[in-house]
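# Structural overview for review
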Amino acid sequence: MTASLENYQKSVLNAFLNKEGRLKNIPSQKKKKLVVLEYLVQQLDDNHTYTEREINEFIKKYHEDFCTIRREFIVNGYMDREDGNYKKRDESLWTNWQELK
């Protein structure tokens, strides 16, 4: 990642996360939203399959609107959902915010 992309990522995270690391609000701009979603999903274990309850509890540590964020994880390719279970996808399959203008 280039220095300018790293700086962008840091500035977005600083703008949307409070001192405790909780999400102040969900960004409406797609590129910023993807930066935040990527940060959140990177906190999950790569090899663990999560129940819906576990994903909800994980998201609640960051923001109360766990339904929206859980859906965004799926829509943007960060996670797969099968039979009510969630698994983090390989990073190569994620929607890449670095390519957006």
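Here the residue index of a chain counts from 1 through its sequence in written order. With pLDDT at 70 or above as the cut-off, local features in this predicted model cover only qualifying residues; side-chain atom pairs require 80 or more to be listed or tallied, and sums for whole chains, interfaces and linings still use all residues. Side-chain calculation: all heavy atoms of the structure are included, whereas hydrogens and water are not.

Moving on: the pairing of strand 2 (residues 79-82). Being paired, for any two strands, means DSSP has found at least two bridges between them. The helix count covers DSSP runs of H or I at least four residues long, the strand count covers runs of E at least two residues long, and both are numbered beginning at the N terminus. Pairing of strand 2 with strand 3 (residues 85-88), which is carried by four bridges, proceeds in the antiparallel orientation. Residue pairing across strands places Met79 opposite Lys88, the latter belonging to strand 3. The hairpin turn running from strand 2 into strand 3, its antiparallel successor, is two residues long, and Asp83 in that turn takes a positive phi close to 55°.

Here we take up the sheet that holds strand 1 (residues 49-51). Spatially, the three strands line up as an open sheet ordered 1-3-2, and their pairing is antiparallel. Strand pairing shows two members of the sheet lacking a second neighbour, strand 1 and strand 2, which therefore form its edges. In this sheet, neighbouring strand axes are inclined to one another by 30° on average, regardless of whether the strands run parallel or antiparallel. Along the sheet, helix 4 (residues 66-75) makes contact with strand 2 and strand 3, crossing strand 2 at roughly 100°. Orientation is described by lines fitted to C-alpha atoms, with helices fitted over the stretch in contact, and by angles between N-to-C directions that extend from 0 to 180 degrees. Note on contacts: a residue pair is in contact if any heavy atoms of the two residues lie within 4.5 Å.

Our next topic: the environment of Tyr50. The residue Tyr50 is located in strand 1 in this model. For Tyr50 and Leu5, which are 45 residues apart along the polypeptide, the C-alpha to C-alpha distance reads 31 Å. Not counting residues within four places of it along the chain, the set of residues in contact with Tyr50 comprises Leu44, Asp45, Ile55, Met79, Gly84, Asn85 and Tyr86. Counting of polar contacts relies on pairs of N or O atoms within 3.5 Å, with two restrictions inside protein: one atom must be capable of donating a hydrogen and the other of accepting it, and residues adjacent in sequence are counted only when both atoms are side-chain atoms. At 2.8 Å, the side chain of Tyr50 and the backbone nitrogen of Asp45 are in polar contact.

The rule is simple: take the accessible area with a 1.4 Å probe, protein chains only, and divide by the maximum for that residue type; under 20% is buried, over 50% is exposed, in between is partly exposed. Looking at helix 3 (residues 52-60), one finds that the buried residues are Ile55, Asn56, Phe58 and Ile59. An end-on view of helix 3 places all buried positions within 160° of arc, on one side of the element. Where helix 3 is buried, its residues contact helix 2 (30-41), strand 1, helix 4, strand 2 and strand 3. Directions drawn from the helix axis to the C-beta atoms are what define this arc.

This part covers the packing of aromatic side chains. Between 30 and 60 degrees the pair is tilted, below 30 it is stacked and above 60 it is edge-to-face, where a pair is any two Phe, Tyr or Trp rings, Trp via its six-membered ring, whose centres lie within 6.5 Å. Here the structure, examined in full by the defined rule, presents three aromatic pairs. Seen from their ring centres, Tyr78 and Trp94 are 5.1 Å apart, and the 65° between their planes marks the pair as edge-to-face. Residue Tyr78 is found in the loop between helix 4 and strand 2, and its partner Trp94 is found in the segment after strand 3; the two are separated by 16 residues along the sequence. Just as Tyr78 is buried, Trp94 falls in that class too. The criterion for a charge sitting over a ring is simple: Lys NZ or Arg CZ within 6 Å of the ring centre, and within 35 degrees of the ring normal. The ring of Tyr8 has Lys31 lying over it, and the distance from NZ or CZ to the ring centre is 4.6 Å.

A few words on the confidence of the model for the protein chain. Values of pLDDT, the confidence the predictor places in each residue, fall between 0 and 100. In the predicted model, the protein chain carries a mean pLDDT of 95, and the fraction of residues at 70 or more is 100%. Taken element by element, the protein chain is modelled with least confidence in helix 1 (residues 3-16), mean pLDDT 95, and with most confidence in helix 3, mean pLDDT 98.

Okay, the nonpolar core next. Most often, soluble globular proteins have nonpolar side chains that are buried together. Only buried residues count toward a nonpolar core. Its members are Ala, Val, Leu, Ile, Met, Phe, Trp, Tyr and Cys residues joined through side-chain atoms within 4.5 Å. Core analysis: the biggest nonpolar cluster contains 25 residues, and Phe73, Tyr78 and Met79 have the highest contact counts within it. It is helix 2 that contributes the most residues to this core, six residues altogether. Each residue touching Met79, except ones within four places of it in the same chain, is listed here: Val41, Leu44, Tyr50, Ile55, Phe73, Ile74, Tyr86, Lys87, Lys88 and Arg89.

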